[in-house]
Amino acid sequence: RTKMAYDRALSLSPAIDDQAPALVDRVAVAARRPVRARQTWWGAGLMAAAALAVTFAALHAPSQPKAEVFATAKGERRDLVLSDGTRVALNAASRLSVVMKRDRRELTLASGEAAFKVVHDPSRPFVVHLGDRDLRDIGAEFDVRREAGLLTVAVREGMVAVGRPGQERRS
């Protein structure tokens, strides 16, 4: 048996010699495959990490700008200039919160008195929330006082709309 196997191997020798260059190429290609596989996994890992980072950033992005709160004590007055250039004079014992959004400017006068000289911007309405009433600027300089359940609006220049949300009347 051994002799037969040896003879068979010798008879195949010329065929192997003829195919040797092709076999060497196949071996070289096979040797490179693990490297390509590692590079593919590395690239896929980087892509997955990037997708995860983008998803995390999108989910944890602030959805609304935070309100900036201004308050004065009894006997104190304070002048403010908002980021849009609007000037606010806050009278004594007043509390005002300001939220500047891309499409609108929203303020809430919780108590006290504030005088506004609004920089008019039709693309960004200026709204002052006053309890169950809203005041919308229509190019104005005005004063608002909220005290003991009473609301007083004094317009020095221009017009404002006052009323329940969505039902303002012009003054």
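Everything discussed here concerns the structure shown above.
Residues numbered from 1 in each chain as written. Predicted model: local features only at pLDDT ≥ 70, side-chain atom pairs only at ≥ 80, totals over all residues. Heavy atoms only, no water.

> Please explain the packing of aromatic side chains as it appears in this structure.
Two aromatic rings, taken as a pair, are described by how far apart their centres are and by the angle between their planes. Summed over all chains, the structure comprises two aromatic pairs. Taking 5.8 Å as the distance between ring centres and 70° as the angle between the ring planes, the aromatic pair formed by Phe-116 and Phe-126 counts as edge-to-face. Of this pair, Phe-116 sits in strand β5 (residues 105-117) while Phe-126 sits in strand β6 (residues 126-130), and the two are ten residues apart along the sequence. Per residue, the accessibility class of Phe-116 equals that of Phe-126, and both read buried. What links up through ring pairs into an aromatic cluster is the set Phe-116, Phe-126 and Phe-142. (Phe/Tyr/Trp six-rings, centres within 6.5 Å; stacked < 30°, edge-to-face > 60°. Helix = DSSP H or I, 4+ residues; strand = E, 2+ residues; numbered from the N terminus. Buried < 20%, exposed > 50% of the residue type's maximum accessible area, 1.4 Å probe, protein only.)

> Even after reading the chapter, I still don't get the environment of Lys-74, so can you show me in this structure?
Take Lys-74: it is sitting in the loop between β1 (68-71) and β2 (78-81). What makes Lys-74 exposed here is its relative accessible area of 79%. It is 4.7 Å that separates the C-alpha atoms of Lys-74 and Ala-93, two residues lying 19 residues apart in sequence. Once you skip the residues sitting within four places of it in the chain, Lys-74 turns out to touch Ala-92 and Ala-93. (Contact = heavy atoms within 4.5 Å.)

> When you look at the pairing of β6 in this model, what are you seeing that I'm missing?
Taking burial as the measure, the five residues of β6 include four buried ones, the bulk of the element. Sheet topology places β5 next to β6; four bridges connect them, and they run parallel. In the strand pairing of β6, Leu-107 is matched with Val-128. (Pairing = 2+ DSSP bridges.)

> Please clarify how the nonpolar core should be interpreted in this entry.
One broad rule of soluble globular proteins: the nonpolar side chains tend to lie buried together. Grouped together as the largest cluster of nonpolar side chains are 22 residues, with contacts concentrated most on Leu-96, Leu-107, Phe-116, Phe-126, Val-128, Leu-135 and Phe-142. Those elements giving two or more residues to this core turn out to be β3 (87-90), β4 (95-100), β5, β6, β7 (133-147) and β8 (150-164). (Core = buried A, V, L, I, M, F, W, Y, C linked by side-chain atoms within 4.5 Å.)

> How should I be thinking about the pattern of salt bridges in this particular structure?
Where charged atoms from two side chains of opposite charge come close, those side chains can pair. Scanning the entire structure with this criterion turns up seven salt bridges. Residue Arg-104 pairs with Asp-103 through a salt bridge whose shortest N-O separation is 3.0 Å. You can call Arg-104 partly exposed: its relative accessible area is 28%. Residues participating in the shared-partner salt-bridge network are Asp-103, Arg-104 and Glu-106. (Salt bridge = Lys/Arg side-chain N within 4 Å of Asp/Glu carboxyl O.)

> Sorry if this is basic, but what is going on with the environment of Val-153 here?
Structurally, the position occupied by Val-153 is in strand β8. Sequence separation of Val-153 and Ala-114 is 39 residues, and the distance between their C-alpha atoms is 10.0 Å. When sequence neighbours within four positions are dropped, the list of residues in contact with Val-153 reads Leu-135, Asp-143, Val-160 and Val-162.

> Could you clarify how one ought to interpret the environment of Leu-80 in this entry?
With respect to the helices and strands, the residue Leu-80 is situated in strand β2. On the basis of relative accessible area, Leu-80 is assigned to the buried category, the value being 8%. Linking Leu-80 and Leu-90, residues ten residues apart in sequence, is a C-alpha distance of 7.6 Å. Contact partners of Leu-80, with chain neighbours within four places excluded, come to Phe-70, Thr-86, Arg-87 and Val-88.

By themselves, these are just geometric observations and shouldn't be taken as functional.
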